[in-house]
Each structure stands twice: as C-alpha cells, then as structure tokens.
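# Secondary and tertiary structure notes
Take a look at the letters that make up each chain.
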Amino acid sequence: MNKKGERQPIDPRPLARTVRTVLIVYLVGEALMGLVSLGEIGRLSSGGAEDSGLVAAAGLVALAYLAIYVATAVLTLKWIYRVNLNAKLLAPDKATGPGWAVGWYFIPFASLVMPYRAMSETWRISLAPTDWRNLAAPGLLPWWWGLFLLTNFLSMAGARLGSSMEDPGALALGETLTLASCLTAFPLALVLRKVVSGVTEAQVQALNLQPAGGAARLVET
C-alpha cells in the first residue's frame, strides 16, 4: 500500500518464474507415480504377490509426490491471487476478487466453473483493462481448464477405487485411472506454464513495469 493506504500492484514475474519451475518438478513427481501405477498394474494382472521392498519404495514415492503436489498447489494459488489482485486494481469492476479467485477452488460444484471465470476475467483485463468485457477468453484457457478437470477426475476416481483393497479388479482399474491421470498431467502442466506466462506478460505491459533482469518477457521453454 502507498502512503494513502491504497493498494499497489505487485510485479507478478518473480512468482511466475517460480511457478513455471515448480511445474517441471511436479511433472517429475507425476512420472514417478505413473511408474508406480504401471508396476502395480503389471503385478495385479499377473496375480503376483506384493513385494515388501517395492511397497516401501512406492510409499516413499507417494510421500515425495504429496510434498511436491502441495508445494505446486500453494505456489500456483499464490500466483493466482497476485494476478487477480493486480487485475482488480486495473479494472475495479472485475466481478471476482483475489480472495474468491482462490477460494472457489475449494467450493464443491462452484469449483467446476468459477475458477475458470476468474482466470478468464484476469487474463482479459490484463490484455485490455478498459475494454476487457468485449474480449473473448484466450483460446489456451479452455484447454487448461478441461485438462485440469479431467486430470482431477481421473485422480480422484483412481484413489476411490484404489481404496477397495478386497477387490483386485477394482484395484487394477484404480491404478489404471491413476496412470491415466499421470499422463494427462503432462499436457496440463505444459499448458498451465503457458497460461502463467501469457497472463504475466500481459500484466507487465498493462502495469507498465520495467524489464526485470534485462528481459521484458518470460522465456518460453
């Protein structure tokens, strides 16, 4: 805030770079979880007994993945809050505030639509603060949201079936769905990296921020 108590925009670039980096680490975690699921599918298909060593290794992988997932989620939600706050400052008529831009992810049913709406508002405002209502959502946004919903559905369905420890068929199906969620997580993370870059770069221009580290744009990789 400035001396008058008014909120000031925050440069989104440092956090955006962190999010883009941690998404690569997240993909490593998804790859490891996919390998665990693939191995379990093979074991269940052949009717083999559980190996205590492999079970222990899978447990360690699961713990590491959980830590990576939580870190990725927290940093991404922090970035979402920050760019929504900046967007609200650029266009006070924005319907969704930064708090709800994050909060909607945790509200059943509303979480299917409202986070997408908040991100759409933010990106459009960042592109055209005074005429954002007349802009269509960038074409990359529906891909991000569709992959996000699909990956989460597959993951939750796999976890639910995986809890049926008495039924080998349900276990195998659960592991198959978990493997599928690991596969869809790859395009999801790559598209999200582009969304983070697109929104951040648009805000840098809308807020007239000076180039950071000699480069005005985030480097796409």
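You'll find the structure just up there.
A short tour of the structure in this document, coming up. Note that this is a predicted model, so its numbers are computed, not measured.

### Describing the overall build of the protein
Of the regular secondary structure elements, the protein holds six helices and zero strands. For the protein, the sequential pattern of α-helices and β-strands runs α-α-α-α-α-α. Partitioning the intrachain contacts of the protein with sequence separation of at least 6 by distance along the chain shows that 72% fall at a separation of at least 24. Put simply, the protein shows about 11900 Å² of open surface, and 68% of that area lies on carbon and sulfur atoms.

### Some points on the packing of aromatic side chains
In this structure the tally under the stated criterion is eight aromatic pairs. Measuring from centroid to centroid gives 6.2 Å for Y105 and W145, while their planes differ by 70°, and the two rings are edge-to-face. Within this pair, whereas Y105 is found in the loop between α3 (98-103) and α4 (114-127), its partner W145 is found in helix α5 (residues 140-162), the two being separated by 40 residues in sequence. Ring centres 6.1 Å apart and planes at 85° place the aromatic pair Y105 and F148 in the edge-to-face group. You can see Y105 sitting in the loop between α3 and α4 and its partner F148 sitting in helix α5, a full 43 residues away along the chain. Accessibility expressed as a relative area gives 18% for Y105, which makes it buried. The exposure class of F148 is partly exposed, given its relative accessible area of 23%. Site record: aromatic cluster; members linked through ring pairs are Y105, Y116, W144, W145 and F148.

### Brief notes about the packing of helix α2 (residues 52-90) against α4
Where α2 meets α4, the closest approach of the two axes is 9 Å, and the angle between their N-to-C directions is 55°. When the axes of α2 and α4 are compared, the pair comes out oblique. For the pair α2 and α4, the crossing hand works out as left-handed. Side by side, α2 and α4 meet where W79, I80, V83, N84, A87 and L90 of the first sit next to A118, M119, T122 and I125 of the second.

### Examining the side chain of R82
Position of R82 relative to the elements: it lies in helix α2. Salt bridges are absent for the buried R82, whose nearest opposite-charge side chain, D11, sits at 7.6 Å. Discounting chain neighbours no more than four positions away, the residues touching R82 are I10, D11, P12 and L15.

### Quick word on the side chain of T122
Positionally, T122 belongs in helix α4. Not counting chain neighbours up to four residues away, the residues in contact with T122 comprise V83, N84, A87, K94, V199 and Q203.

### A word on the pattern of salt bridges
Going through the model one piece at a time under the given rule, you end up with five salt bridges. A salt bridge links R43 to E40; the nearest nitrogen and oxygen atoms lie 2.5 Å apart. One end of the pair, R43, and the other, E40, are both in helix α1 (residues 13-46), three residues apart, so they sit about a helical turn from each other. Note that E121 and K94 form a salt bridge whose closest N and O atoms lie 3.2 Å from each other. Placement of the pair is E121 in helix α4 and K94 in the loop between α2 and α3, with a sequence separation of 27 residues.

### Notes on helix α6 (residues 168-206)
In a regular helix each residue adds 1.5 Å, so 39 residues correspond to 57 Å; α6 covers 55 Å between its end C-alpha atoms and thus fits that length. At A185, α6 shows its maximal bend, which comes to roughly 25°, and the proline P187 appears one to four places after that position. Note on α6: the residue one or two positions beyond its end, N208, has a positive phi of about 55°.

Quick notes on the rules
- Residues numbered from 1 in each chain as written.
- Predicted model: local features only at pLDDT ≥ 70, side-chain atom pairs only at ≥ 80, totals over all residues.
- Heavy atoms only, no water.
- Helix = DSSP H or I, 4+ residues; strand = E, 2+ residues; numbered from the N terminus.
- Contact = heavy atoms within 4.5 Å.
- Areas by Shrake-Rupley, 256 points an atom, 1.4 Å probe, with all protein chains shown as cover.
- Phe/Tyr/Trp six-rings, centres within 6.5 Å; stacked < 30°, edge-to-face > 60°.
- Buried < 20%, exposed > 50% of the residue type's maximum accessible area, 1.4 Å probe, protein only.
- Axes fitted to C-alpha atoms, helices over the stretch in contact; angles between N-to-C directions.
- Parallel < 35°, antiparallel > 145°, perpendicular 65-115°, else oblique.
- Left-handed = near helix turned anticlockwise from the far one by under 90°.
- Lys, Arg positive; Asp, Glu negative; His and termini not counted.
- Salt bridge = Lys/Arg side-chain N within 4 Å of Asp/Glu carboxyl O.
- Expected span 1.5 Å × (residues − 1).
- Bend = angle between axes of the 7 residues up to and from the residue.

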